[in-house]
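Tertiary structure, described
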Amino acid sequence: MGISGVVMVISTVPLFHAMAVWAVALEREFGWNRTQLGFALTFTRIEGGLMGPIEGYLTDKVGTRRMVFIGMIILGGAFIFFAQVQNLWMFYLAYVLMAVGQGIGSWIPLMTMLNRWFRRQRAMALGWSNMGSRLGALLLVPLIAWSIDPDQDRLGWRMTATILGVFMIVIAGPISRLIRNQPEDIGLLPDGDKPAPQPVANAGASDSVSPYEDDFTASEALRTPAFWLIAFGHGFTSMVILAIMAHLGLLMVDKGYQVQDAAFVVSVYTAVAMGFQLVGGYVGGKVPVRLALAFFTSLQAMGVLVLVFADSLPSIYAFAALFGAGFGGRNPLTVAIRGEYFGSASFGKILGFSTVPMNLLLLIAAPLVGWMRDVQGDYTDAFLVMVVTNLTGAACFLLAKRPQKKMAPMPTAAD
């Protein structure tokens, strides 16, 4: 869990969580409008939609360890390229390359690994892992903001991106060597259980039994309504997260605040989310996970509604508290529900395929919000639309009942 949290921090925080502060620095240097800046995160979702099934297949095929190593090398090189950006197409290409590295070496491989290591405590394990990544965001986003603040003479965004890229390349080898793809690799079972000793007479028979025999294959999962409801629910509830990542800093600048104020707000909702990772994991183990997801995603929507009408810094911090609670609580559950419903054998492929409809929705989030702001002059209607999509996602989760696997008919004597 600890290693997965560290990898998530390194791979996702500078790319996604810090987008709110990168955007301010880029707008100041190049004068790009909000729609143009929002398209950067859209291009990362194009990568996710196209590469998700491939990343899932490769994770099941070669394992998380190799995926993390390759992904971190690509991501580090892409950050170095990002530091050389001179125009808009280079900016978009840099974000696509960073997204490729992040996708190969982060979310799908790490979530697959955790789902194979834990079953009884799956939701809580995912909560602990994500809490570690939120702790990293809590520390790293303000540091990046301090370093790249365009109103101060510090490192600047180019040097900061270069340092991040070099660090990722250097750390790729050592951190990937600490990863174990599944508990069976070191003689254990999920949840740290030790294999029960088998009688010698039955050893041959036990060797042929798969620990995943009751799990869904990818094709079986794709034929269930639950798969699609979860994928679209995840997409609808993530649209607002992508919009916040791209536009929160710009929204606060519009309201007269500084980039460091935006970084502190990001830190607050990240800190709250960090604690609610565990709350979500605990609640998901006590009540049906679909009900827990519907509750936390509705809480996330309430936070955005507060942001829409916020007229002071305390009210923006109130948004951060509500949004962080909803975001943090739902985060481990969106992965845990797939493992609970479909099992671990083909988890990488199932998660990869589910990113396709999810990323189709995420494609429009950031540029839509940016376009509406450019046309209307403020973010009010844009984020109200995001509240509606968020509540639509909550309804999808609520309707996603656990599927029953159709068992093959028992062979008869004639067979």
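Note that the structure is predicted; figures quoted are calculated from it, not measured. (Residues numbered from 1 in each chain as written. Predicted model: local features only at pLDDT ≥ 70, side-chain atom pairs only at ≥ 80, totals over all residues. Heavy atoms only, no water.)

**Digging into the overall build of the protein**
What counts here: Runs of H or I in DSSP of at least four residues are treated as helices and runs of E of at least two as strands, each being numbered from the N terminus. Exposure classes here rest on a 1.4 Å probe applied to the protein chains alone. A residue is buried below 20% of its type maximum, exposed above 50%, and partly exposed in between. Any pair of residues with heavy atoms lying within 4.5 Å of one another is described as a contacting pair. Per-residue and other accessible areas follow the Shrake-Rupley method at a 1.4 Å probe size, with only the shown protein chains counted as cover for residues.
Assigned secondary structure in the protein consists of 16 helices and zero strands. Counting only residues that meet the buried cut, the protein has 56% of its 415 residues in that class. In the protein, once contacts between residues fewer than 6 apart in sequence are set aside, the share between residues at least 24 apart is 84%. Total accessible area on the protein stands at roughly 16800 Å², and carbon and sulfur atoms take up 67% of it.

**A short note on helix α2 (residues 19-30)**
Applicable threshold: To estimate the expected span of a helix, subtract one from its residue number and multiply by 1.5 Å.
Counted at 1.5 Å a residue, the expected span for α2 with its 12 residues is 16 Å, and the 16 Å between its end C-alpha atoms agrees. When we look at burial in α2, the residues that qualify are M19, A20, V21, W22, A23, V24, A25 and L26. Immediately downstream of α2, the backbone of G31 shows phi near 75°, a positive value.

**Looking at the environment of E29**
On the secondary structure map, E29 appears in helix α2. Residues E29 and P150 lie 121 residues apart in sequence; the distance between their C-alpha atoms is 8.4 Å. Ignoring sequence-local partners within four residues, the contact set of E29 consists of W157 and R158.

**So, the nonpolar core**
In a soluble, globular protein the nonpolar side chains are often hidden away together inside. Test applied: Take the buried Ala, Val, Leu, Ile, Met, Phe, Trp, Tyr and Cys residues and link them wherever side-chain atoms come within 4.5 Å; each set so joined is a nonpolar core.
One finds W22, F82, F91, F319 and F383 to be the most contacted residues of the largest nonpolar core, which totals 99 residues. Element by element, the count of residues in this core is highest for helix α11 (residues 225-254), at 12 residues. Setting aside its immediate chain neighbours within four residues, F82 contacts W22, L26, F91, A94, Y95, M98, W157 and A161. Formed by 17 residues, the second largest nonpolar core is a distinct cluster that contains F227, L293, F296 and I337.

**Looking at the side chain of T237**
Filter applied, for reference: Polar contact criterion, stated in full: a pair of N or O atoms within 3.5 Å, where within protein one must be able to donate a hydrogen and the other to accept it, and residues adjacent in sequence count only if both atoms are side-chain atoms.
Within the fold, T237 resides in helix α11. Separated by 3.2 Å, the side chains of T237 and R330 make a polar contact. Those residues in contact with T237 that sit more than four places away from it in its chain are T297, Q300, R330, N390, G393, A394 and F397.

**Digging into the environment of A25**
Within the secondary structure, A25 sits in helix α2. Along the backbone, A25 and R158 are 133 residues apart, and their C-alpha atoms lie at a distance of 10.0 Å. Among all residues touching A25, those that are not within four sequence positions of it are I148, P150 and W157.

**Focus on the pattern of salt bridges**
The criterion, for reference: A pairing counts as a salt bridge when a side-chain nitrogen of Lys or Arg comes within 4 Å of a carboxyl oxygen of Asp or Glu.
The tally for this structure, following the rule as stated, stands at six salt bridges. When salt bridges that share partners are traced, they join D254, R373 and D374 into one network.

**Comments concerning the side chain of T112**
Along the polypeptide, T112 turns up in helix α6 (residues 107-117). Take T112: its relative accessible area is 1%, and that puts it in the buried class. A polar atom in the side chain of T112 sits 2.7 Å from the backbone oxygen of I108. With near-sequence residues (within four places) excluded, T112 lies in contact with T59, D60, F347 and G348.

**Observations concerning a nonpolar patch on the surface**
For the record, the criterion: Only residues whose relative accessible area exceeds 30% and that form no salt bridge enter a patch; like-charged residues are grouped when within 9 Å of one another, and nonpolar side chains (Val, Leu, Ile, Met, Phe, Trp, Tyr) when within 5 Å.
Together, F69, I70, I73, I74 and I169 line one region of the surface with nonpolar side chains, adding up to about 360 Å² of accessible area. Inspection of the secondary structure puts I74 in helix α4 (residues 64-82). Here I74 falls in the partly exposed class, since its relative accessible area comes to 31%.

**With respect to the packing of aromatic side chains**
Put simply, the rule is: Put simply, two rings from Phe, Tyr or Trp (the six-membered ring, in Trp's case) pair if the centres are within 6.5 Å, and we call them stacked under 30 degrees between planes, edge-to-face over 60, tilted for the rest.
The tally for this structure, following the rule as stated, stands at 22 aromatic pairs. With a centroid separation of 4.3 Å and 10° between ring planes, the pair formed by F30 and W32 is classed as stacked. The exposure class of F30 is partly exposed, given its relative accessible area of 22%. Since its relative accessible area comes to 9%, W32 is described here as buried. Joined through ring pairs, the aromatic side chains of W22, F30, W32, F79, F82, F91, Y92, Y95 and W157 make up one cluster.

**Concerning the confidence of the model for the protein**
Keep this limit in mind: Confidence scores here are pLDDT values: one per residue, from the predictor, ranging 0 to 100.
Residues of the protein with pLDDT of at least 70 account for 84%, and the chain-wide mean is 82. This model gives residues 200-213 a pLDDT under 50, and the stretch forms nine contacts once residues within four places in sequence are excluded. Across residues 410-415, where pLDDT falls below 50, the model places one contact with residues more than four positions away in sequence or in other chains.

**What about the environment of A294?**
Within the secondary structure layout, A294 lies in helix α13 (residues 289-308). For A294, a relative accessible area of 9% translates into the label buried. Along the backbone, A294 and G393 are 99 residues apart, and their C-alpha atoms lie at a distance of 7.9 Å.

**Some words on the packing of α6 against helix α14 (residues 313-342)**
This is how it is decided: To get an axis, fit a line to the C-alpha atoms, keeping to the stretch in contact for a helix; angles then go from 0 to 180 degrees between the N-to-C directions. Comment on the angle field: the value is read as roughly parallel under 35 degrees, roughly antiparallel over 145, roughly perpendicular from 65 to 115, and oblique elsewhere. Here a crossing is taken to be left-handed if its near helix is turned anticlockwise relative to the far helix by less than a right angle, and right-handed if that turn runs clockwise. Residues are sorted three ways: Asp, Glu, Lys and Arg are charged, Ala, Val, Leu, Ile, Met, Phe, Trp, Tyr, Cys and Pro are nonpolar, and all the rest, Gly among them, are polar.
With their axes 11 Å apart at the nearest point, α6 and α14 run at an angle of 50° to one another. Taken together, the axis directions place α6 and α14 in an arrangement best described as oblique. Both α6 and α14 take part in a crossing whose hand is right-handed. Mapping the contact onto sequence places W107, M111 and N115 in α6 and V335, R338 and G339 in α14. Per-class residue counts for the contact of α6 with α14 are three nonpolar, two polar and one charged.

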